[in-house]
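Architecture and fold: a report
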Amino acid sequence: MSSLPTQPTEAGRPARQVLEPVWLFAPNRDTQGGSAWWLDGPGPEGAGGWLIDCPAYTEANLELLRRRGEGRILLTSREGHGRVRRFQEALGWPVLVQEQEAYLLPGLQRLHTFAAEYALSQHARLLWTPGPTPGACVLLADGEDPGTSLLFCGRL
C-alpha cells in the first residue's frame, strides 16, 4: 500500500486554456518552475488526451484533469516527473516515458516506454531527441491545417 496521500494539500491556481485543444498549468516548484500542459486527444468532442509533464499536485489541477476524461501522462524528461506517482494514483492513467528515464520510476504501475518514436494517434507522436537528460523527448501534434502543428519539448 502506498504512503502517498491521494488528496492534494492545497487548492492551487487553475490551468488556463491557451488554444482550443491546449491548457497551460502554472509553473511547478516540484519541477523547478517547469510548466505542464494538457492537450486534448482524438476522442469525441475533445474527450481524453495527454498530460504533458506534471503540474503541481493541487485540487484545481486534479479537478481539471478529471473533467477532461481518460488520459495518459507523458513525461518529456526527468525534470517533468514532479508528482507523477500521486497523479497516477489519483487518476489511474498510464505513464509513457522514453526508455532511458524509466529507471527513475521504480514500481510505478502502468509504466510504458518507447525507444525512438511512439505514435499516440494518427496526428500525435513522441520522438526521442537530444535534450537536458538522456531520455528527453518531444511531442509533435500535427494539425490538420497547414501551420497548426504543435511541438511540446519540456525544459529544452
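Everything below is about the structure printed above this text.
Every chain is numbered on its own, with residues counted from 1 as its sequence reads. Only residues with pLDDT of 70 or above have their local features reported here, since the model is predicted, and side-chain atom pairs are shown and tallied only from 80 upward, although totals for entire chains, interfaces and linings are computed over all residues. The basis for the side-chain values is all heavy atoms of the structure; hydrogens and waters are excluded.

Some thoughts on the packing of helix α1 (residues 59-68) against helix α2 (residues 84-91)
The criterion, for reference: Between N-to-C directions, angles span 0 to 180 degrees; the directions come from axes that are lines fitted to C-alpha atoms, helices contributing only their stretch in contact. Each helix is a run of DSSP H or I of at least 4 residues and each strand a run of E of at least 2, with the numbering of both proceeding from the N terminus. For classification purposes, an angle smaller than 35 degrees is called roughly parallel, one larger than 145 roughly antiparallel, one from 65 to 115 roughly perpendicular, and anything else oblique. With the far helix as reference, a near helix turned anticlockwise by less than a right angle produces a left-handed crossing, and one turned clockwise produces a right-handed crossing. In this description, contact between two residues means that some pair of their heavy atoms is separated by no more than 4.5 Å. For this classification, Asp, Glu, Lys and Arg are treated as charged, while Ala, Val, Leu, Ile, Met, Phe, Trp, Tyr, Cys and Pro are nonpolar and the rest, including Gly, are polar.
α2 packs onto α1 with a crossing angle of 45° between their chain directions and a minimal axis gap of 11 Å. Considering the angle they form, α1 stands oblique to α2. Considering only the axes of α1 and α2, their crossing is right-handed. Facing L62, L65 and R66 of α1, the residues of α2 in contact are F87, A90 and L91. Class assignment of the residues belonging to the contact of α1 with α2 gives a composition of five nonpolar, no polar and one charged.

Overview of the environment of H123
The cut-off we apply is this: Exposure classes here rest on a 1.4 Å probe applied to the protein chains alone. A residue is buried below 20% of its type maximum, exposed above 50%, and partly exposed in between.
Mapping H123 onto the fold places it in the loop between β8 (117-121) and β9 (124-128). Taking the relative accessible area as the measure of exposure, H123 reaches 31% and is therefore partly exposed. Between the alpha carbons of H123 and D142 there is a distance of 5.1 Å; along the sequence they are 19 residues apart. If sequence neighbours within four positions are ignored, H123 has contacts with L140, A141, D142 and E144.

Quick word on the sheet that holds strand β6 (residues 95-98)
Pairing between the strands of a sheet comes from backbone hydrogen bonds, and it takes one of two forms, parallel or antiparallel. Short version of the rule: Paired strands are those between which DSSP finds at least two bridges.
Pairing within the open sheet is mixed, and its seven strands lie in the order β1-β2-β3-β4-β5-β6-β7. Among the strands making up the open sheet, the edge pair consists of β1 (16-19) and β7 (111-114). Recorded for the sheet is a direction-independent mean angle of 25° between the axes of neighbouring strands. Examined bridge by bridge, strand β4 (residues 49-52) and strand β5 (residues 71-75) share four bridges and lie parallel to one another. Of the residues in β5, the one forming a bridge with W50 is R72. In the packing of α1 onto the sheet, contacts are made with β2 (22-24), β3 (37-40) and β4, and the angle to β3 comes to roughly 15°. Along the sheet face, α2 touches β5 and β6 and points at about 170° away from the line of β5.

Considerations on the pairing of β3
As paired elements, β2 and β3 share three bridges and run antiparallel to each other. Bridging from a neighbouring strand, L24 pairs with W37 of β3. Sheet topology note: the β3/β4 ladder contains four bridges and is antiparallel. Looking across to β4, one finds that D40 is bridged to G49.

By themselves, these observations are geometric and do not establish any function.
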